[in-house]
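One-letter residues, chain by chain:
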Amino acid sequence: MTILTRRKLISSAAIGAGSLLTGCDALNRNPTFQNMLASAESGNFAVQRALGDRMQLASEYNIADLSPSFRANGTRDPGTSEYAASAAQGFADWQLRLTGLFSKPRHFSLAALQSLPQRTQITRHDCVEGWSAIGQWTGVPVKILLDVAGLRDSARFLVFHCADQLGGRPYYESIDLLDAYHPQTILAHRLNGEALPVANGAPLRLRVERQLGYKQAKYITGIEAVASLAGIGEGKGGYWQDVANYEWYAGI
Amino acid sequence: MPKEAIIPQQPRHHLTTRLWHWTNALCLLIMLMSGLTIFNAHPRLYWGEYGANDDYAWMAVGSSDRIGYLRLGEMRIETTGFLGNWQDSEGRTQKWAFPGWATIPSGYSLADGRRWHFFFAWIFSIGLALFMIRSLWNRHIQKDLHMRRDEWRPSRIWRSLRNHTRISVIRQSRDKPYNVIQKLGYIGVIFILLPLMILTGLTMSPAMDANWPFLSDLFGGRQSARSVHFLTAFALMLFFMVHIVMVLLSGPLRQTIAMITGGHGEGEAR
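Residues numbered from 1 in each chain as written. Chains lettered and ligands numbered in written order. Predicted model: local features only at pLDDT ≥ 70, side-chain atom pairs only at ≥ 80, totals over all residues. Heavy atoms only, no water.

### Things to note about the layout of surface pockets
Picture a little ball the size of a water molecule; that probe, rolled over the atoms, points out where space is still empty. Counted as a void, the second largest pocket has a volume near 550 Å³. Lining the second largest pocket are 32 residues; nearest its centre among them are N73, G74, C127, E129 and W240 of chain A. (1 Å grid on protein atoms, 1.4 Å probe; cavity = no way out; pocket = protein on both sides within 12 Å on 5 of 7 lines; lining within 4 Å. Points joined across faces, edges and corners; volume = space filled by probe spheres on them.)

### So, the domain arrangement of chain B
Residues and elements named next belong to chain B. Domain boundaries assigned for chain B yield domain 1 (3-42 + 108-261) and domain 2 (44-97). A separation of 28 Å is found between the C-alpha centroids of domain 1 and domain 2. Of the residues lining the interface, 15 residues belong to domain 1; the matching set on domain 2 comes to 15 residues. The contact between domain 1 and domain 2 buries some 1,300 Å² in all, and 61% of this surface belongs to carbon and sulfur atoms. At the junction of domain 1 with domain 2, the criterion picks out 0 salt bridges. In this assembly, domain 1 and domain 2 are joined by 10 residue pairs in polar contact (both at pLDDT 80 or more). Counting only elements with at least two residues in the side of domain 1 that touches domain 2, the list comes to α2 (15-40) and α10 (222-249). Ranked by the residues each element gives to the side of domain 1 that touches domain 2, the list is headed by α10, at 8 residues. Class assignment of the residues belonging to the side of domain 1 that touches domain 2 gives a composition of 5 nonpolar, 8 polar and 2 charged. (Domains from an automatic or database assignment. Contact = heavy atoms within 4.5 Å. Buried area = accessible area lost by both parts, 1.4 Å probe. Salt bridge = Lys/Arg side-chain N within 4 Å of Asp/Glu carboxyl O. Polar contact = N/O pair within 3.5 Å; in protein donor to acceptor, adjacent residues only side chain to side chain. Helix = DSSP H or I, 4+ residues; strand = E, 2+ residues; numbered from the N terminus. Nonpolar A, V, L, I, M, F, W, Y, C, P; charged D, E, K, R; others polar.)

### Some words on helix α7 (residues 180-203) of chain B
Residue and element names in this part refer to chain B. Across its 24 residues, α7 extends 33 Å between first and last C-alpha, which sits within 8% of the 34 Å expected from 1.5 Å per residue. When the local axis directions of α7 are compared, the greatest deviation, roughly 40°, occurs at V189. Along α7, the residues classified as buried are V180, K183, G188, V189, I190, L193, L194, M197, T200, G201 and T203. Its side-chain oxygen placed 3.1 Å from the backbone nitrogen of I181, N179 serves as the N-cap of α7. (Expected span 1.5 Å × (residues − 1). Bend = angle between axes of the 7 residues up to and from the residue. Buried < 20%, exposed > 50% of the residue type's maximum accessible area, 1.4 Å probe, protein only.)

### With respect to the domain arrangement of chain A
Along its sequence, chain A is organised into domain 1 (2-47) and domain 2 (58-243). Here domain 1 of chain A and domain 2 of chain A have C-alpha centroids that lie 39 Å from each other.

### Digging into the pairing of strand β7 (residues 186-191) of chain A
Residue and element names in this part refer to chain A. Burial analysis of β7 places 5 of its 6 residues in the buried class, the great majority of the element. Across 5 bridges, the pairing between strand β4 (residues 132-141) and β7 is antiparallel. Counterpart to V140 in the pairing with β7 is L187. Here 3 bridges tie β7 to strand β9 (residues 205-207), and the two strands are oriented antiparallel to one another. From the neighbouring strand, A188 faces β9, where its bridge partner is R205. Taken together, the 2 bridges between β7 and strand β8 (residues 194-195) define a ladder with antiparallel strand orientation. Note on β8: the bridge partner recorded for L191 is E194. If you look at the hairpin formed by β7 and β8, you'll find 2 residues sitting between the two strands, and N192 has a positive phi there, around 50°. (Pairing = 2+ DSSP bridges.)

### Comments concerning the sheet that holds strand β2 (residues 59-64) of chain B
Reading across the sheet, the 4 strands line up as β1-β2-β3-β4 (chain B) and stay open at both edges, with antiparallel pairing between neighbours. Strands with a single pairing partner mark the edges of an open sheet, and in this sheet they are β1 (44-45) and β4 (75-78) of chain B.

### Description of the pattern of salt bridges
When their charged atoms lie close together, side chains carrying opposite charge are able to pair. All names here are of chain B. Tallied over the full model, the rule gives 18 salt bridges over all chains. One salt bridge in this structure joins D88 and R92, with 3.0 Å as the shortest N-O distance. Relative accessible area serves as the criterion here: at 15%, D88 is assigned to the buried category. The exposure class assigned to R92 is partly exposed, which follows from its relative accessible area of 46%. Across the salt bridge formed by D150 and R156, the nearest N and O atoms sit 2.9 Å from each other.

### Structural notes on a positive patch on the surface
A cluster of basic residues, R153, R159, R162 and R166 of chain B, forms a positive patch on the protein surface. Mapped onto the fold, R153 of chain B is located in the loop between α4 (140-145) and α5 (154-163). (Patch = residues over 30% accessible without salt bridge, like charges linked within 9 Å, V, L, I, M, F, W, Y side chains within 5 Å. Areas by Shrake-Rupley, 256 points an atom, 1.4 Å probe, with all protein chains shown as cover. Lys, Arg positive; Asp, Glu negative; His and termini not counted. Charge placed at Lys NZ, Arg CZ, Asp CG, Glu CD.)

Have a look at this one:
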């Protein structure tokens, strides 16, 4: 009798665990359930924005804190002939195009960007996968570009267009204006005191320090100011948001 | 008329305790399994502020050729079939750290694992806060879980620990007030391990680190917090296993029904 109940208990536990897993996988495929899970993003966004000063700086570190090597992830080389040609001449012909809701849309060469006021910051890069690396970034604050090009009042988001593709789709990312005007949000062209390496996004990558690594778009060719993200890509605000269920707000 | 008969019987477990117990059990199971999915994205743990593939990991799960392994410091333990190299339900070899039966979803998806984890993190955190407030209010913590001065005596703790190896004592004490080991266990889980999970979880958030820079200082860096998050999750799993064994030894049906209906007991433990 005891053996029977014990065996029953063990087998029902195993069946329970098995059906729990199948049940979870079925729920995971259910769009309504996915939307419910995704609602946590709104909570994270609202609470994380409300808990601190809206312009709160991310912690900055010292030279002694730098990672011995800064890991590169995602695209490590866009691999196109145009990109290779530009890289061969030190990106002298690279153009950053400001398009969309600007009163004075314009192009910047790398040299023109470097002649603007610069910011250098040593910050921690946190990948969504879990690893972190500390690096020193130098670049032009995005705010300065917005002021030069005259961001229109109707703009709500900045979309960052990139030279690299993943799985045949162009990489892109977007941030809202609160992050765009944040003092640490820069277009970096230097890492650890040297020209930004190709693997880390040469010649220009975004730093938006209060969010995870996938927001830090690399190989940036343009900034588009838009009122809504609906018309860009599949409308979810970024490459990873379009191809998988990654959240647009990546504060955690 | 005996005196006891006119005292209305109190349930052994408060309604709040029962509601929280089951919500919490569900949340912790889902967060453990979705957490293992997230861990699979980078199955290495570090101490300090930074840590990536080129840095020294104190713990790593990996795979070389047909062997899965767990490395702890300099010690390498072969884990083929369980960690780092295992067969999925269709017989294909997979090299993710934790196997599909232990993760949500069962096939690797970091994005989906994160969605499950953060949604249930909200329910778990709100539930814990409400349970703490309510249990202070209804004096469950003061009356049933508070360690009295004489209970801190090492001899008393040792005796209680030894009693947990005696089935007859376990069965006899199931309706009695909580013993010293139970009190320490429940207090440790409710006031140390569970809050530690929330705080180390928040320390992994770049936005929260900007809002509350003390978080990273508290744990000695984001990667230390990630390690503590993982270790605490295993401490909770250990608690869960002992908890289940004790329920099984002390009368699983009766104990489970009591945690659903409230049950009744002579002790003040509720």
